[in-house]
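This is what each chain is made of:
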Amino acid sequence: MSPIGLLYGVAFLSTLVTGQALVGPAACATLKSSLSNVEVINSILHPDFISSRYTYWNSRQSSYTPSCIFYPTSAQDISTAIKVIRTTGSRFAIKAGGHNPNDFFSSVDQGVLIDLKKMNGKSYDAETTLATYEPGNKFGDLYEFYAPLGRTVVGARLAGVGTGLALSGGLSFISPQYGMACDSFRSLEIVLPSGEIVTASPESNPDLFFASRGGGGNAYGVVTKYTVQSRPAGQFFAGNIFYLFEQTLDVLDAINNFAAYNTDPKASIIGTYEKLPTPDLTLNLDEFIIIFLVYDGPDAGDAFQNFTSIPSFLNTMSIKTYPEVTNMPAPMSGELSRGANTFRVAVQRVHGTAVHDVYANWNAWAESHKGDYFLISLDFQPVAKSLTDASNAYEGGNAMQMPEGPWMWINYLITLPPLTTAANYKRIQASFKAMVEAIPNAKGLPLFINDASFDQNPLETYGGYETLKIAKAKYDPEGFFSSKTGGWKFT
Ligand SMILES: Cc1cc2nc3c(=O)[nH]c(=O)nc-3n(C[C@H](O)[C@H](O)[C@H](O)COP(=O)(O)OP(=O)(O)OC[C@H]3O[C@@H](n4cnc5c(N)ncnc54)[C@H](O)[C@@H]3O)c2cc1C
Ligand SMILES: *[C@@H]1O[C@H](CO)[C@@H](O)[C@H](O)[C@H]1NC(C)=O
């Protein structure tokens, strides 16, 4: 049967039997016949299938079984695949780096998984200083590629994260200088839900360009190429300082003072509080504080003095390359942290007691729920005025329409113990959610979608939300992406 005949047959079948268990395999069969030169794997034992399925940062996503995994190598492949999938009525998912922890954002059960990992081209134009990369790269691959050229792109603070980060904003160590990752976008190639391949830029489809600058992935189409303003990158003075919890209150003050008073855009931090499940009453080694301190340049002056003056048990500050900066902390790695991970986000202002209230509330929950997690962490991420100025200086600002800094995004991470039962999973998640919600967010600030749980409705907090809704209705008019893949909801 010709691919077209098969398409009609499958469309007919899907109206009779709506079960995803039937339309998923049907979509895969049609993909195979219409794109005979592209890899479509449906054996769950195939090494590629295994590697795509088991490289989610939230291991829960690996429990879902796609009907097949499709590895496009071009925008044209994706265009054909999108048309086939739409005709069959199958569910699908788009996977870049697989770090989004939310169910079905980049995973699918009994549908087509589009794994972008073979689209890993990258280039640099020395004349324009623009960098171009495809979506299958991890940011670490990009940093390694651009570092010998003395350049980098604005992206993840940990090398293992994928490019989906940028479509949802993207907070980088160099963001206080250049804004969010999406603020460096100059032009995007996008396969629309219709299958049409278009360019989004300030001149071409500007509404799509706006929505793609922080409005989230898998909503308006599939981005197949990013052209971005590259940034200079040479020597960094950077490292981690590890403290015991005895220093909690002093370190909290240092984080808050940094967020409130630091005015040097080359200085950037993340402050993280971590707890392990085992009570350890003698040495208190079940809990520790890790601060990430990054200065763009070899001499940080006194930017980090409020941290270095507090007694610590390990300090790894040294001159580093940008790839080294994004592989901190040295003894650990973002990739080792795969597990039953979920995120929740909060936002607070930095003048007042919010940071202390957030910590006390989190600490009380963590201490009274020792058996309920494998790891729990609380991350403070300052958003400087220089960052929001940089965001707002480009093309009228991004999808968040960032209110003037300083303020702070707070990321709550919980890793559930391996083998948590379904009933316990529900109970722990509900209790964790209630803990986060016990401290109300500051009004008028956006909830960062890269750190948000699916149920937090973060897009509604964006200054550009009404514009995003219009773009969503225009570019996904039949609600194909809304109904057939996961992602943020538009109400
Ligand atoms: C260890 C770790 C470190 C992190 N560090 C940072 C950080 O420093 N800064 C920060 O801002 N965030 C950070 N995050 C959050 C991170 O940005 C999000 O988890 C993001 O969704 C990851 O993107 P990804 O490509 O790896 O994941 P994926 O799950 O593959 O993709 C994320 C979402 O985008 C969609 N998508 C991806 N590519 C495309 C495309 N080309 N076209 C259309 N849709 C697409 C996917 O369908 C999915 O819904 C971190 C997360 C983890 C787990
Ligand atoms: C350090 O903290 C003090 C308040 O104790 C503050 O005035 C100062 O600006 C901070 N320094 C830096 C570099 O952030």
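The chain is annotated in an unreviewed UniProt entry as FAD-binding PCMH-type domain-containing protein of Pseudogymnoascus verrucosus. In UniProt, the chain has this text filed under Sequence similarities (unreviewed entry): "Belongs to the oxygen-dependent FAD-linked oxidoreductase family."

Around ligand 1 lies a shell of 32 residues, among which Ile94, Gly98, Ser106, Arg157 and Leu171 are the nearest. The separation between an oxygen atom of ligand 1 and a polar main-chain atom of Ile94 is 2.7 Å. One of the side-chain nitrogen or oxygen atoms of Asn450 is found 3.0 Å away from an oxygen atom of ligand 1. In isolation ligand 1 offers 960 Å² of accessible surface; the protein chains occlude 96% of this area.

Here helix H12 (residues 354-368) spans 21 Å end to end across 15 residues, near enough to the 21 Å set by a 1.5 Å rise per residue. Listing the buried residues of H12 in full gives Ala354, Val355, Val358, Tyr359, Asn361, Trp362, Asn363, Trp365 and Ala366. Where the residues of H12 are buried, they touch helix H9 (248-261), strand S13 (267-275), strand S17 (340-349), strand S18 (375-383), strand S19 (407-416) and helix H14 (422-437).

Bringing the state of the cysteines into the picture now. Joining two cysteines, a disulfide is a covalent bond between their sulfur atoms. All told, the structure shown has 1 disulfide when counted by the stated rule. Sulfur-sulfur distance for the disulfide between Cys28 and Cys68 comes to 2.0 Å. What sets the handedness of the Cys28 and Cys68 disulfide is the S-S torsion sign, and at about -90 degrees it is left-handed. With Cys28 in helix H2 (residues 20-34) and Cys68 in strand S2 (residues 68-71), this pair connects stretches of sequence that are 40 residues apart. As far as the burial class goes, Cys28 and Cys68 line up, both buried.

Within the secondary structure, Thr88 is located in helix H4 (residues 75-88). Classification of Thr88 by relative accessible area gives buried; the value is 0%.

This brings us to the domain arrangement of the chain. On domain assignment, one finds that the chain holds domain 1 (3-115), domain 2 (122-232 + 464-484) and domain 3 (236-460). A C-alpha centroid distance of 23 Å is found between domain 1 and domain 2. In this complex, domain 1 contributes 17 residues to the contact, which on the side of domain 2 involves 22 residues. When the two sides are added together, the surface that domain 1 and domain 2 hide from each other amounts to roughly 1600 Å², 67% of it contributed by carbon and sulfur. Across the domain 1-domain 2 interface, the total number found is 0 salt bridges. Linking domain 1 with domain 2 are 6 residue pairs in polar contact (both at pLDDT 80 or more). Listed by contribution, the elements that provide at least two residues to the side of domain 1 that touches domain 2 are H4 and strand S3 (92-95).

One pass over the structure, following the stated rule, counts 30 aromatic pairs. Ring pairing ties together the aromatic residues Tyr133, Phe139, Tyr143, Phe185, Tyr226, Phe236 and Tyr322, which thus form one cluster. Cation over ring: Lys122 sits above Phe145, and NZ or CZ is 6.0 Å from the ring centre.

Here we take up the pairing of strand S4 (residues 112-115). Every second residue of S4 is oriented toward a common face, with Val112 and Ile114 on one face and Leu113 and Asp115 on the other, all of them buried. Relative to S4, S2 runs parallel, the two sharing 3 bridges. Looking at S4, one finds that Cys68 is bridged to Val112. Relative to S4, S3 runs parallel, the two being bridged by 4 bridges. By the bridge assignment for S4, Ala93 is matched with Leu113.

About the cut-offs
Residues numbered from 1 in each chain as written. Chains lettered and ligands numbered in written order. Predicted model: local features only at pLDDT ≥ 70, side-chain atom pairs only at ≥ 80, totals over all residues. Heavy atoms only, no water. UniProt positions renumbered as here; feature names shortened; annotations may be inferred. Near = heavy atom within 4 Å. Polar contact = N/O pair within 3.5 Å; in protein donor to acceptor, adjacent residues only side chain to side chain. Areas by Shrake-Rupley, 256 points an atom, 1.4 Å probe, with all protein chains shown as cover. Helix = DSSP H or I, 4+ residues; strand = E, 2+ residues; numbered from the N terminus. Expected span 1.5 Å × (residues − 1). Buried < 20%, exposed > 50% of the residue type's maximum accessible area, 1.4 Å probe, protein only. Contact = heavy atoms within 4.5 Å. Disulfide = S-S within 2.5 Å. Domains from an automatic or database assignment. Buried area = accessible area lost by both parts, 1.4 Å probe. Salt bridge = Lys/Arg side-chain N within 4 Å of Asp/Glu carboxyl O. Phe/Tyr/Trp six-rings, centres within 6.5 Å; stacked < 30°, edge-to-face > 60°. Lys NZ or Arg CZ within 6 Å of the ring centre and 35° of its normal. Pairing = 2+ DSSP bridges.

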